[in-house]
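A structural walkthrough
Okay, here's what each chain looks like letter by letter:
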Amino acid sequence: MFLSKLFAAMSIVLILELLFIGATIQVGVPRRSNFQYTILTACMVLINLAFCFETLKNNAVSKRILAVCCMSLSILFALFVGIACMKMHKKWEKMELSIQEQKAKGSKDIVVDRLTFVSSYWNYGDWGNPGNNAKVWPNTQYAGYYGADTFIAQ
């Protein structure tokens, strides 16, 4: 009975996934816009875990190994993301200090290191980051925010 409910739940999640894919008219949707897919994928993972735990309900050792592996992977991924966030925060503070120094010297043309916007965590990479053309977005927004004439990352 429990396994048939899991099968029904997985079928519903897969149908929803196919509906979302079919309704997406944009090609190359950025990761920050894929929240619904992330939720559906998490549901599928949880359903599969429930199936594994149900299948292994009489085998305590295998069940414990599976639980430890799941928790370990979750903790490792959380550490990876947390460390990447801290690194990006430090880079950002360093960039802002550089901007303050440039403005203190009287410069109205701000130049920052492009590596400030590069991260080992892939979800940082799909935002619009400043480039070497001061006349295009988001460089113009950064220039306005920091009170500069131009802003470039190189």
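One can find the structure itself at the top, above this paragraph.
Residues numbered from 1 in each chain as written. Predicted model: local features only at pLDDT ≥ 70, side-chain atom pairs only at ≥ 80, totals over all residues. Heavy atoms only, no water.

**Quick look at the overall build of the chain**
Note the cut-off: Runs of E in the DSSP output that reach at least two residues are strands. Runs of H or I that reach at least four are helices, and both are numbered from the N terminus. Only C-alpha atoms enter the radius of gyration; for comparison, a globular chain is expected to reach 2.2 Å times N to the power 0.38, where N is the number of residues. Using a 1.4 Å probe on the protein chains alone, a residue whose accessible area is under 20% of its type maximum counts as buried, one over 50% counts as exposed, and one in between counts as partly exposed. Contacts are assigned to residue pairs that have any heavy atoms within 4.5 Å of one another. Note that accessible areas follow from Shrake-Rupley with a 1.4 Å probe, and for residues the cover is restricted to the protein chains shown. Residues scored as charged are limited to Lys and Arg (positive) and Asp and Glu (negative), so that His and the chain ends carry no count. Where a charge sits is defined by one atom per residue type, namely NZ (Lys), CZ (Arg), CG (Asp) or CD (Glu).
A count of helices and strands for the chain gives four helices and two strands. Computed over its C-alpha atoms, the radius of gyration of the chain comes to 23 Å, more than 25% above the 15 Å expected for a compact globule of 154 residues. The principal-axis extents of the C-alpha atoms in the chain amount to approximately 75 × 40 × 20 Å. Residues counted as buried form 21% of the 154 residues belonging to the chain. Taking contacts inside the chain between residues at least 6 apart in sequence as the whole, the part at least 24 apart equals 58%. Carbon and sulfur atoms make up 67% of the accessible area of the chain, which totals about 11,100 Å². Each charge class in the chain can be summarised by its mean position, and for the 15 positive and 9 negative side chains these summaries are 8 Å apart.

**Section: the nonpolar core**
We apply this condition: Here, nonpolar core means buried Ala, Val, Leu, Ile, Met, Phe, Trp, Tyr and Cys residues that are tied together by side-chain atoms lying within 4.5 Å of each other.
Grouped together as the largest cluster of nonpolar side chains are eleven residues: Met95, Ile99, Ile110, Val112, Phe117, Tyr142, Ala143, Tyr146, Ala148, Phe151 and Ala153. For this core, the secondary-structure elements that each account for two or more residues are α3 (60-104), β1 (109-112), α4 (139-145) and β2 (150-153). Counting residues in each nonpolar core, the second largest holds six residues, with Met10, Val13, Leu40 and Met44 among its members.

**Some words on the packing of aromatic side chains**
Two aromatic rings, taken as a pair, are described by how far apart their centres are and by the angle between their planes. The following threshold applies: Whether two aromatic rings pair depends on their centres lying within 6.5 Å, for rings of Phe, Tyr and Trp, where Trp uses its six-membered ring; planes under 30 degrees apart make the pair stacked, over 60 edge-to-face, and the rest tilted.
For the coordinates displayed, the defined rule picks out nine aromatic pairs. Measuring from ring centre to ring centre gives 4.9 Å for Tyr145 and Tyr146, while their planes differ by 90°; the resulting arrangement is edge-to-face. Judged by its relative accessible area of 64%, Tyr145 is exposed. Classification of Tyr146 by relative accessible area gives buried; the value is 10%.

**A closer look at the environment of Ser62**
This is how the line gets drawn: Here a polar contact is recorded for every N or O atom pair within 3.5 Å, except that within protein the pair must consist of a potential hydrogen donor and a potential acceptor, and residues adjacent in sequence are included only if both atoms are side-chain atoms.
Structurally, Ser62 can be placed in helix α3. Here Ser62 falls in the partly exposed class, since its relative accessible area comes to 27%. For Ser62, the side chain forms a polar contact with the side chain of Asn59, separated by 3.1 Å.

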